[in-house]
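Spelled out, the chains give:
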Amino acid sequence: MTLVALVNPNTDRATTAMMAAIARRTLRAEDGYEVRGVTVAAGPPMLVDEEALRASAGHVLDAAARLLAGPDGARVAALVVGAFGDPGVEELRARTPLPVVGLAEAAMREAGGGGRRFGIATTTPDLAAAIDARVTALGWSPQYTGIRLTTGDPRQLAARTRDMTDRLAEAVDLCVREDGAEAVIIGGGPLGEAAEALRHRFPVPVVGPIPAAARQIRLLLGQPARECPPDG
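Residues numbered from 1 in each chain as written. Predicted model: local features only at pLDDT ≥ 70, side-chain atom pairs only at ≥ 80, totals over all residues. Heavy atoms only, no water.

K.L.:
Which residues make up the pattern of salt bridges, and what values do they have?
P.N.:
Scanning the entire structure with this criterion turns up 17 salt bridges. Across the salt bridge formed by Glu196 and Arg25, the nearest N and O atoms sit 2.9 Å from each other. With a gap of 171 residues between them, Glu196 in helix 8 (residues 192–198) and Arg25 in the loop between helix 1 (13–24) and strand 2 (33–39) connect regions that are remote in the sequence. Note on Glu196: relative accessible area 22%, which makes it partly exposed. Its salt-bridge partner being Asp153, residue Arg155 comes within 3.3 Å of it at the nearest N-O pair. Owing to a relative accessible area of 48%, Arg155 belongs among the partly exposed residues under this scheme. Where salt bridges share partners, they join Asp86, Glu90, Arg93, Glu105 and Arg134 into one cluster. (Salt bridge = Lys/Arg side-chain N within 4 Å of Asp/Glu carboxyl O. Helix = DSSP H or I, 4+ residues; strand = E, 2+ residues; numbered from the N terminus. Buried < 20%, exposed > 50% of the residue type's maximum accessible area, 1.4 Å probe, protein only.)

In C-alpha cells, the structure reads:
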C-alpha cells in the first residue's frame, strides 16, 4: 500500500478524521493507497487568525518529523498539509524529497486551470489577508476575483455544519454573481464536508481543497485521478 500522510495543522482529531475520510474517496484503498491522518501535538483546535497560522507551521514540521522517524516512516510516499494557508509546505519540501502538497496550492491550480477566474469562499475573516497573500505568492492574482466571507464566529459556525454550508453557499453565490468567478474554492480544510455538499449546487465548479490535493498527489505519484475534477 502507498502511504499518504495528511497532516492536520490544528489539534482537532475529529477534523483530522473528516479530512482523511474525504481524501480516501480519491486515494482509494482499492487503488493501493492508505491515507493516514496525523494531528499536530500543539496549537488551537481551529486556525482562525494569522498568528495561529504562522505558529502551526512549526507544529506541522514536528508532526511530519515524528511520523517519518517512526516505524512506518519508510512507507510514507507523500505528505498533504491540511490547512488552506499551506503552513510549513515550503519548509517540508526543503527537508524531504517526498512530494508535499498544500490545500491552497492544489485548489488554486485546479480552480484556475484553463485560465479560469476564481474566487474563494471561507469562514475566517482574520485569515483573509493571509489567503490573499498566498494567492499572490502562487502567481494567481491575474485570475483571482477575490474572497467572500461568511458572517459570525468561525468556531461556532464550524460546530453547525448545516448553517456553515448555507452561509458558504451565500458566499459562493456572491463570488459568481457579483465578482464574475468562473470557479469558486471553499477555503479551508475543516470546511471539507461543506465543500462536498456544495460541489454540484452551482453552474460553476466548486472546488474542495482536500479532493484537489488528493488528485494532485495521484498525479505526482504517477497515477491519474479516477475521480472526476469539479468541471468534469
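K.L.:
Residues and numbers for unusual backbone geometry, please.
P.N.:
Of note, Asp86 is a non-glycine position whose phi angle comes to about 55 degrees, a positive value. Following the sequence through the fold, Asp86 ends up in the loop between strand 3 (76–81) and helix 3 (89–95). For Asp86, a relative accessible area of 2% gives the class buried.

K.L.:
Can you tell me about the sheet that holds strand 8 (residues 206–207), naming the residues and giving the values?
P.N.:
Taken in spatial order, the 4 strands line up as 6-5-7-8 in an open sheet, and their pairing is parallel. Edge positions in the open sheet fall to strand 6 (144–149) and strand 8, since each of these has one partner strand only. Relative to strand 8, strand 7 (residues 183–186) runs parallel, the two being bridged by 2 bridges. Each residue of the ladder has a partner; that of Ile185, found in strand 8, is Val207. Of the strands in this sheet, strand 5 (118–122), strand 6, strand 7 and strand 8 touch helix 7 (residues 161–177), which is tilted by about 160 degrees from strand 5. (Pairing = 2+ DSSP bridges. Contact = heavy atoms within 4.5 Å. Axes fitted to C-alpha atoms, helices over the stretch in contact; angles between N-to-C directions.)

K.L.:
Which residues make up the pairing of strand 6, and what values go with them?
P.N.:
Relative to strand 6, strand 5 runs parallel, the two being bridged by 5 bridges. Looking across to strand 6, one finds that Ala121 is bridged to Arg148. A crossover connection joins strand 5 to the parallel strand 6 through helix 5 (residues 128–137); in handedness this β-α-β unit is right-handed. (Right-handed = clockwise from strand over helix to strand, strands pointing away.)

K.L.:
Describe in detail the packing of aromatic side chains, supporting the description with residues and values.
P.N.:
As enumerated under the stated definition, the model contains 2 aromatic pairs in all. Arranged with centres 6.0 Å apart and planes meeting at 75 degrees, the rings of Phe118 and Trp140 form a pair that is edge-to-face. Placement of Phe118 in strand 5 and of Trp140 in the loop between helix 5 and strand 6 is noted, with a sequence separation of 22 residues between them. A residue is classified by how much of its surface remains accessible, and Trp140, at 17% relative accessible area, is buried. Here the aromatic rings of Phe118 and Tyr144 are separated by 5.9 Å at their centres, their planes lie at 45 degrees, and the arrangement is tilted. Of the two residues, Phe118 sits in strand 5 while Tyr144 sits in strand 6, which places them 26 residues apart along the sequence. Exposure remark for Tyr144: the relative accessible area of 16% places this residue in the buried category. Ring-pair connections join several aromatic residues into one group, and the members of that group are Phe118, Trp140 and Tyr144. (Phe/Tyr/Trp six-rings, centres within 6.5 Å; stacked < 30°, edge-to-face > 60°.)

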